[in-house]
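Descriptive analysis of the structure
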Amino acid sequence: MATYYVGLDVHSKQSTFVIEDVEGKVMAQGEVPTTRPAFERLFAAQHLPAGTGVALETGTVAFFVARQIAALGLEPVVVDAHEVRLKAYRPNQKSDRRDALELCEGLRRGIYRSIVHVPGQEVLVLRETLSRRRHFVRLQSAQVSAVKALLRAAGLGQLSRSLATELGWAKLLAAVVGQGELRAYVEQHRALWRCAREQVTTLEASLARQQKESFAEKIRRLQTIPGVGPIVASTAVAVFSDISRFPDAKHAASYAGLVPSTYQSGERDAHGRITKRGSAELRAMLCEAAHHASRTHHPLNPYFARLCARRGYKMAVVAVAHRLCRIIFAMLRHESDFDVGKLGVERGPFERTVVRAYRLKATAVASK
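Residues numbered from 1 in each chain as written. Predicted model: local features only at pLDDT ≥ 70, side-chain atom pairs only at ≥ 80, totals over all residues. Heavy atoms only, no water.

Some points on a positive patch on the surface
On the surface, K250, R306, R310, R311, R323 and R326 cluster together into a positively charged patch. Counting residues per element, the ones that place at least two in the positive patch are α12 (301-311) and α13 (313-334). (Patch = residues over 30% accessible without salt bridge, like charges linked within 9 Å, V, L, I, M, F, W, Y side chains within 5 Å. Areas by Shrake-Rupley, 256 points an atom, 1.4 Å probe, with all protein chains shown as cover. Salt bridge = Lys/Arg side-chain N within 4 Å of Asp/Glu carboxyl O. Lys, Arg positive; Asp, Glu negative; His and termini not counted. Charge placed at Lys NZ, Arg CZ, Asp CG, Glu CD. Helix = DSSP H or I, 4+ residues; strand = E, 2+ residues; numbered from the N terminus.)

What follows is the structure, given as C-alpha cells:
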C-alpha cells in the first residue's frame, strides 16, 4: 500500500492542503472548506489509507480539525507553530500553500520535535470549563481592585478591607451613603461582581459533575496531598491529560515550566530563573498549593523552611511547587495516594531549643 503525507494549513473558513508520496513528489494540492464533510470528500477522493499522517500547526481551530481528522481514521500531527516558522525553508516568503508544503515536507522527513498532544473530548471539556471559571474569577478580582482604587482616590481606603462576600459589599455601601457618585460607581461594580460570582458558582457545579463522572478517582487521589484542593487537582488532570506521554518526572516539571533555564557553553554552566514554558495556569495552581508548605504541620515544611531561610520566601514557594509537580506525576503514573514516608521526612512532634546570647529584660518587655 502506498504511503502518503499531508500538510494542512488550517484557517477558520478555508484550509490549504498539499499531499506528497514517500519520494516527496506532490500528488495533489488545493483548498478545501474547514468542515468535516469537506475533509471526508477530500480524503476519499485521494484514496488516503487509514493512519495517514496529516500535519497542521497550532492555532485556534487546530484541535477541532485534529478531532475531525482522527474521526476519519487518519493520524493528526499538531506541530508547534513556532517550530514550523523556525524550520521553514523560506521564512520570509510566507503563503498558505507554502505553509502547507512546509508542513508536509517536515512530516515526511520527520524533522518536527514539538508535537502537541491532542487530548480526548472529556479532557477538552474540563479544560474549557476551568478556563471559563478562571475568566470570571479574574473578572471578580478586577471589580474589587477597581472599587479599592476608587476608595483610595476618595480618601476612604480603610473601607475596602473585605469585598470577597456580599456582606462586605453591603457594609461598604452602607458606609458611603452620603457619597452620591461614589456610591453609584460602587453599585455598578457590585452588580458586575455579583454576575461573575453567579457564573463561577454555575461553572463549579459543572466541574463537580465532570469530576464525578470522568475523573473521580484521579482527583480524589490528588486531593490526598496537603494543600491540594479540587481546582488544583482538576487543573493538573486537565493539563497532563495522558500521563504516560511523559518519560519521567523531570519532563513533567519542564512541561509546567518549573525547571531552571540553563546556560551551558564550554566550561561555563549556569542556571537562571524558571523557564515559565507550558501551562501558566498549572504553574499558578501549584504555586498556590505550595504556599501551604509555610505551615509547620505541612509535610513539605522542612524543605520550605530551609529554602526560605537560605533563598527567600518566593524562591521556596517555586521550589515546593516544582516538588509538588513531580509528586503529582508519580501519583498519577503509579495510581497511588500521597505517602509521607516517600518524602524523606520524619513525623513528629519535634521540639527545638534556641540558645541566644542576649534577651530583653522582663521590665523592658513589660514597659512596652
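Side note on helix α2 (residues 62-71)
In an α-helix, one turn spans 3.6 residues, which is why side chains three or four residues apart end up on the same side. Within the sequence span of α2, burial applies to A62, V65, A66, Q68 and I69. Viewed along the axis of α2, the buried residues span an arc of 165°, placing them on a single side of the element. Against the buried residues of α2 lie β1 (4-9), α1 (36-45), β4 (53-57) and β5 (75-79). Once α2 ends, the next one or two residues include G73, with phi positive near 95°. (Buried < 20%, exposed > 50% of the residue type's maximum accessible area, 1.4 Å probe, protein only. Arc of directions from axis to C-beta. Contact = heavy atoms within 4.5 Å.)

Some details on the sheet that holds β4
Within the open sheet, the 6 strands sit side by side as β3-β2-β1-β4-β5-β6. Their pairing is mixed. Two strands in the sheet have a free side with no partner beyond their single neighbour: β3 (26-33) and β6 (115-116). Across 6 bridges, β1 lies against strand β2 (residues 14-21) in antiparallel orientation. Among the inter-strand pairings, D9 is bridged to a residue of β2, identified as T16. The sheet strands contacting α1 are β1, β2 and β3, and the helix crosses β3 at an angle near 160°. (Pairing = 2+ DSSP bridges. Axes fitted to C-alpha atoms, helices over the stretch in contact; angles between N-to-C directions.)

A look at the confidence of the model for the protein
Averaged over every residue, the pLDDT of the protein is 91; the share at 70 or more is 98%. Of all helices and strands in the protein, the one with the weakest mean pLDDT is helix α14 (residues 362-367) (58), whereas α13 scores best (96). (pLDDT = per-residue confidence, 0-100.)

Observations concerning the pairing of β3
As defined by bridge partners, β2 adjoins β3 across 7 bridges and the pair is classed as antiparallel. Residue F17 lies in a different strand from β3, and its bridge partner there is G30. Counting the residues in the hairpin turn of β2 and β3 gives 4 residues, including G24, whose phi is positive at 90°.

Some details on the layout of surface pockets
Size it by volume and the largest pocket reaches roughly 1100 Å³. For the lining of the largest pocket, the secondary structure elements donating two or more residues are α2, α3 (81-86), β6 and α10 (249-255). The computed volume of the second largest pocket comes to approximately 640 Å³. In terms of lining residues, the second largest pocket is bounded by 17 residues, among which T296, N301, P302, E346 and F350 are the most central. Split into classes, the residues belonging to the lining of the second largest pocket amount to 7 nonpolar, 6 polar and 4 charged. (1 Å grid on protein atoms, 1.4 Å probe; cavity = no way out; pocket = protein on both sides within 12 Å on 5 of 7 lines; lining within 4 Å. Points joined across faces, edges and corners; volume = space filled by probe spheres on them. Nonpolar A, V, L, I, M, F, W, Y, C, P; charged D, E, K, R; others polar.)

A short note on the pairing of strand β7 (residues 260-265)
It is a general feature of regular strands that their side chains alternate between the two faces of the sheet. Summarising the sheet, β7 and strand β8 (residues 268-274) pair through 5 bridges and their orientation is antiparallel. Residue pairing for β8: S265 is matched across the bridge by R268. Connecting β7 to the next strand, β8, in antiparallel fashion are 2 residues, including G266 with a positive phi near 65°.

Some thoughts on the side chain of T235
With respect to the secondary-structure elements, T235 resides in helix α9 (residues 230-240). At 2.8 Å, the side chain of T235 forms a polar contact with the backbone oxygen of I231. In contact with T235, not counting residues within four places along its chain, are L130, E281, L282 and M285. (Polar contact = N/O pair within 3.5 Å; in protein donor to acceptor, adjacent residues only side chain to side chain.)

Section: the packing of aromatic side chains
The final tally for this structure, using the stated rule, is 5 aromatic pairs. Between W169 and W193, the aromatic rings sit 5.6 Å apart at their centres with planes inclined by 40°, giving tilted as the arrangement. Taken together, the residues W169 in helix α6 (residues 166-175) and W193 in helix α7 (residues 180-214) connect sequence positions 24 residues apart. As far as the burial class goes, W169 and W193 line up, both buried. Centroid distance F246 to Y255: 5.1 Å. Interplanar angle 65°. Geometry classified as edge-to-face. Classification of Y255 as partly exposed rests on a relative accessible area of 30%. The rings of F240, F246 and Y255 are connected pair by pair, giving a single aromatic cluster. Note that R245 overlies the ring of Y255, its terminal NZ or CZ placed 4.9 Å from the centroid. Between R323 and the ring centre of Y303, over which it is positioned, the NZ or CZ distance is 4.0 Å. (Phe/Tyr/Trp six-rings, centres within 6.5 Å; stacked < 30°, edge-to-face > 60°. Lys NZ or Arg CZ within 6 Å of the ring centre and 35° of its normal.)

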